[in-house]
Amino acid sequence: MEDIVKQSLLYDFYGELLTEHQRAIYEDAVFHDMSLGEIAQEQGISRQGVHDLIKRCDRLLDNYEEKLHLVSKFQQTRQMVAEIRQTLQLFQKTRDEQLIQHIEQISEKIMEL
């Protein structure tokens, strides 16, 4: 997964678990593309402090994902929904009843996640 996409997804799912201070700095670095120096000046801390905090947030977000797997489940669900859509399009063309069974199987997998 591309780094920025991974960071964005992890933050979307687990960002609220960070402190307000951590969120502010992380958002400035990742989403507002501010430099360490700019963030340090704005927050009144050192560049090294900003760097360390961003790395700590990355580790925290990764640890949450390792334990909860919410991003992984979300991505799996998206893939299965895409497969359902493709199967439905094929069904509309062929009217093959086995495709409906396939959709039911995929739906059951989604419910198990």
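Since we're looking at a predicted model, the values are computed, not measured.

Conventions used here
- Residues numbered from 1 in each chain as written.
- Predicted model: local features only at pLDDT ≥ 70, side-chain atom pairs only at ≥ 80, totals over all residues.
- Heavy atoms only, no water.
- Helix = DSSP H or I, 4+ residues; strand = E, 2+ residues; numbered from the N terminus.
- Rg over C-alpha atoms; globule rule 2.2 N^0.38 Å.
- Contact = heavy atoms within 4.5 Å.
- Salt bridge = Lys/Arg side-chain N within 4 Å of Asp/Glu carboxyl O.
- Phe/Tyr/Trp six-rings, centres within 6.5 Å; stacked < 30°, edge-to-face > 60°.
- Patch = residues over 30% accessible without salt bridge, like charges linked within 9 Å, V, L, I, M, F, W, Y side chains within 5 Å.
- Areas by Shrake-Rupley, 256 points an atom, 1.4 Å probe, with all protein chains shown as cover.
- Buried < 20%, exposed > 50% of the residue type's maximum accessible area, 1.4 Å probe, protein only.
- Axes fitted to C-alpha atoms, helices over the stretch in contact; angles between N-to-C directions.
- Parallel < 35°, antiparallel > 145°, perpendicular 65-115°, else oblique.
- Nonpolar A, V, L, I, M, F, W, Y, C, P; charged D, E, K, R; others polar.
- pLDDT = per-residue confidence, 0-100.
- Core = buried A, V, L, I, M, F, W, Y, C linked by side-chain atoms within 4.5 Å.
- Expected span 1.5 Å × (residues − 1).

1. Digging into the overall build of the protein chain
Looking only at helices and strands, one finds six helices and zero strands in the protein chain. Moving toward the C terminus, one meets the helices and strands of the protein chain in the order α-α-α-α-α-α. Taken over C-alpha atoms, the radius of gyration comes to 20 Å for the protein chain, far larger than the 13 Å a tight globule of 113 residues would show. A separation threshold of at least 6 residues defines the contact pool for the protein chain, and within that pool the share at least 24 residues apart is 52%.

2. Considerations on the pattern of salt bridges
This model, assessed by the stated rule, comprises one salt bridge. For Asp62, the salt bridge identified is with Lys6, shortest N-O distance 3.4 Å. With a gap of 56 residues between them, Asp62 in helix α4 (residues 47–68) and Lys6 in helix α1 (residues 3–14) connect regions that are remote in the sequence.

3. So, the packing of aromatic side chains
Considering all chains together, one arrives at five aromatic pairs under this definition. Taken together through their ring pairs, the aromatic side chains of Phe13, Tyr14, Tyr64 and Phe74 make up a single cluster.

4. Comments concerning a nonpolar patch on the surface
Judged by side-chain polarity, Phe13, Leu68, Leu70 and Phe74 come together as a nonpolar surface patch covering roughly 310 Å² of accessible area. By the secondary structure assignment, Leu68 is in helix α4. For Leu68, a relative accessible area of 42% gives the class partly exposed.

5. Describing the packing of helix α2 (residues 20–30) against α4
Contact pair α2 / α4: the axes reach a minimum separation of 10 Å and the direction vectors enclose 100 degrees. Accordingly, the angle class assigned to the pair α2 and α4 is roughly perpendicular. Here His21, Gln22, Ile25, Tyr26 and Ala29 of α2 lie close against α4, whose contacting residues are Val50, Leu53, Ile54, Cys57, Asp58, Leu60 and Leu61. Considering only residue class, the contact of α2 with α4 consists of nine nonpolar, two polar and one charged.

6. Quick look at the confidence of the model for the protein chain
Low-pLDDT stretches of the model should not have their predicted coordinates read in fine detail. In the predicted model, the protein chain carries a mean pLDDT of 94, and 99% of its residues have values of at least 70. Highest mean pLDDT in the protein chain belongs to α4 (97); lowest belongs to helix α6 (residues 97–112) (91).

7. Some details on the nonpolar core
Judged by nonpolar contacts, the single largest core of 17 residues is most densely connected at Ile25, Tyr26, Val50, Ile54 and Leu61. Elements supplying a minimum of two residues to this core: α1, α2, α3 (36–43) and α4. Of the residues forming this core, the biggest block, five residues, is contributed by α4. Those residues in contact with Ile54 that lie beyond four places of it in its chain are Ile25, Tyr26, Ala29 and Leu36.

8. A word on α1
Given a rise of 1.5 Å per residue, 12 residues ought to cover 16 Å, and the 16 Å separating the end C-alpha atoms of α1 matches this to within 8%. Those residues of α1 that fall on the buried side of the exposure criterion are Gln7, Leu9, Leu10, Tyr11 and Tyr14. Each element contacted by the buried residues of α1 is listed here: α2, α4 and α5 (70–94).

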